Amino acid sequence: MITLLGPPVLSPIRTSTLISVLALSSLQVHTLYFLHLSPSATPPTADTLPPQLHDILQSRPFVPSPSPPPSVEGTSDGVTVRLYVYPRPGTISPFSSKATDILRSCSLLQRTGIERVERGELWELSFPPVKPPYKNLTPEEVSRDKDIVRRIHDRMIDSLSLSPPTEEELFSRPIAKQVVRLPTRPTREDLMNLNKELGLALSDGEIEYLVEEYGKRSAEEGGGPTDVELFTFSQINSEHCRHKTFNSHFLSPQTPHTLFQMIRNTSSSSPSGLISSYSDNAAVFSSPPLHQIPTFLAPNYSTHSFPKDEQPGILIKAETHNHPTSISPFPGSATGTGGEIRDEAAVGRGSRPKMGVVGYMVGSLNGREDRPSHVASGREIMIHAPLGASEYGNELGRPTVAGLFRTLDVPHDAEEGGRRGYGKPVMLAGGHGSVLPPNMFKHPPFKPGTLLVVLGGGGMLIGLGGGSGSSLGGGEGGEELDFKSVQRGNAEMERRAIEVIDRCSWLALSPSSSNPILSVHDVGAAGLSNAFPELVRDSGR
């Protein structure tokens, strides 16, 4: 493995802000590039790499040096600590897939024997001296300081170390975990403990149901439940996926309709121009004449031209991503936008996202909310969340063009000291796109032998559990479970998947071929445990 030193990571403003917040005397943050070499190739050195490679990466050879020894008593010298931030072992970062493809297109992989490139960061933090009886922090204490660590890396996707990462840490393949099976007849206590440990968000009634159902099974029929079965059940049956509250009936006879029926009443009362709603991943409307909307369609990539005779359908979609944004505003908002974009691309047999909107509704901006310490404040959300949504959309190529923002935190029942407001913030993601007429509707039934294809990247154990996590009250799941339930965005991988759908969907207009996609469904917070069952349910079989 070859390690190269790249350009600075932070802007001058960001650097000065962190120096002030962390009480540092100086701060330097540089990019590190890690080059994984083919074992069969003649290994180059950092000095013999082609100049074009250094030009593309803006890099130079890197020689790691140990951190200076700290002055423990702190009488004269401060402490300088070097921290290395790099992707978690077993993962492939979005940067890696992009950079490796760029180098391959430039024929640099073949010339150098490089198989893959990864990126990390080198943080050099200098602390001023302290006076006795106080002592300087040791490097180990700095690397464990929560306030410092949370500002320089995301522990769900990054590793942090006092020493440079090894080649095995960066480029080895992870070993799959073993499935865990419970006793043949799990007790209520067994399931309640797992419910809390795994953040399944099961209600008392659901736990009773599982105890009863698994109590009927014998060892020959499969024995007790596995952790995978319980996890799958919790995602499919979560409030996030099933909308049990919105589909529940009011006790009052004066309110005969459910909340969902009330919402759907708008489309049944005003169906003009509506092609489909509440039956796919986004609603479809008929469009004005083509000459009035020349930019609504994506070009035909095989002919590099726009269609002339097809009247596209217009897609609209809106959803929320509240729980993830309240826990980790930047990645929560980014993946909220990414999930909404997936819905726009998964209408019928393939569609095309166009532009988006975002909205944020938070409590006080002055930190008055009564919230768990690991839940972001309204101010933190408004600083970081809009950046996450915009960055994701820009990287994917679908801009965010409009939005809304409001706060609400007002006294209520002054005698009891109560308040009303957005204690659990709202993050709204919406947008619109287009779909060609032959692709507007899915194409069931599936014939025997029809392939079910997963298109995209590995999810690892990040964000799996978002369905159940989003079904809990704000902060109810505990810090570790809440943090794990937030997805991390990979706009590059989503862009590639959408390009595949684009190429296939345009084949619907070809006289000599046809769209091979019969149905598209996006993989959201509940993962494959929800996506494939829904795809098969809609298949007509």
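Residues numbered from 1 in each chain as written. Predicted model: local features only at pLDDT ≥ 70, side-chain atom pairs only at ≥ 80, totals over all residues. Heavy atoms only, no water.

Would you mind going over helix α18 (residues 491-506) with me for this structure?
At 3.6 residues per turn, the α-helix brings residues three or four places apart onto the same side. Here α18 is 16 residues long and its end C-alpha atoms lie 22 Å apart, about the 22 Å a rise of 1.5 Å per residue gives. For α18, every residue scored as buried is listed here: A491, E492, E494, A497, I498, I501, D502, C504, S505 and W506. (Helix = DSSP H or I, 4+ residues; strand = E, 2+ residues; numbered from the N terminus. Expected span 1.5 Å × (residues − 1). Buried < 20%, exposed > 50% of the residue type's maximum accessible area, 1.4 Å probe, protein only.)

Which parts of the structure should I look at to understand unusual backbone geometry?
Most peptide bonds adopt trans geometry, and most residues besides glycine take a negative phi value. P444 connects to P445 through a cis peptide bond whose omega is -5°. You can see P445 is positioned in the loop between β14 (426-435) and α16 (466-469). Residue A23 is not a glycine yet carries a positive backbone phi of 55°.

Would you mind showing me how to read the sheet that holds strand β5 (residues 114-127) here?
Each strand in a sheet pairs with its neighbour through backbone hydrogen bonds, running either in the same direction (parallel) or in the opposite one (antiparallel). Spatially, β3-β1-β2-β5-β4-β6 is the arrangement adopted by the six strands of the open sheet, whose pairing is antiparallel. Each edge of the sheet is formed by a strand with only one pairing partner; in this case those strands are β3 (60-61) and β6 (158-161). Across four bridges, strand β4 (residues 79-87) lies against β6 in antiparallel orientation. From the neighbouring strand, P87 faces β6, where its bridge partner is D158. (Pairing = 2+ DSSP bridges.)

Which parts of the structure should I look at to understand the packing of aromatic side chains?
In this description, a pair of aromatic rings is defined by centroid distance and the angle of the planes. Inspection of every chain in the model, using the stated rule, returns three aromatic pairs. The ring of F260 carries the charged tip of R264 above its face, separated from the ring centre by 4.9 Å. (Phe/Tyr/Trp six-rings, centres within 6.5 Å; stacked < 30°, edge-to-face > 60°. Lys NZ or Arg CZ within 6 Å of the ring centre and 35° of its normal.)

Where do I start with the pattern of salt bridges in this structure?
Pairing between side chains becomes possible if they bear opposite charge and their charged atoms approach one another. Across all of its chains, the model carries 20 salt bridges by this definition. The partner of R398 in a salt bridge is E340, and the shortest N-O contact between them spans 2.8 Å. Of the two residues, R398 sits in the loop between α15 (378-396) and β11 (400-407) while E340 sits in helix α14 (residues 329-345), which places them 58 residues apart along the sequence. In this structure, R398 and E340 share a single accessibility class: buried. Salt bridges sharing common partners tie together D101, R104, E492, R495, R496 and E499. (Salt bridge = Lys/Arg side-chain N within 4 Å of Asp/Glu carboxyl O.)

Just checking my understanding: could you explain the environment of M1 for this structure?
Here M1 shows up in the segment before β1 (2-8). Remark: the alpha-carbon pair of M1 and T45, spanning 44 residues in sequence, is separated by 9.2 Å. Leaving out residues up to four positions away in the same chain, M1 has contacts with F34, L35, P165, T166, E167, L170 and F171. (Contact = heavy atoms within 4.5 Å.)

Where do I start with the side chain of E340 in this structure?
The class for E340 is buried, based on a relative accessible area of 0%. What E340 contacts, discounting residues up to four positions off in sequence, is K317, E319, R398, A429, G430 and G431.

What is the right way to read the nonpolar core from this model?
For soluble globular proteins, the rule of thumb is that nonpolar side chains tend to be buried together. Counting 16 residues, the largest nonpolar core has I2, L4, L35 and L53 as its most contacted members. Taken together, the elements giving at least two residues each to this core come down to β1, β2 (26-37), α2 (51-57), α3 (94-105), α4 (108-112) and β5. Beyond its immediate stretch of four places on either side in the chain, L4 contacts T31, L32, Y33, L35, A46, L49, H54, L57, S59, R60, P61 and F62. (Core = buried A, V, L, I, M, F, W, Y, C linked by side-chain atoms within 4.5 Å.)

Sorry, what's going on with helix α8 (residues 188-198) here?
For α8, the complete set of buried residues consists of L191, L194 and N195. Down the axis, α8 shows its buried residues gathered within 105° of arc, on one side only. Those residues of α8 that are exposed and aimed more than 90 degrees away from the buried face are E189, K196 and E197. Packing partners of the buried residues in α8 comprise α9 (204-215) and α10 (227-236). (Arc of directions from axis to C-beta.)

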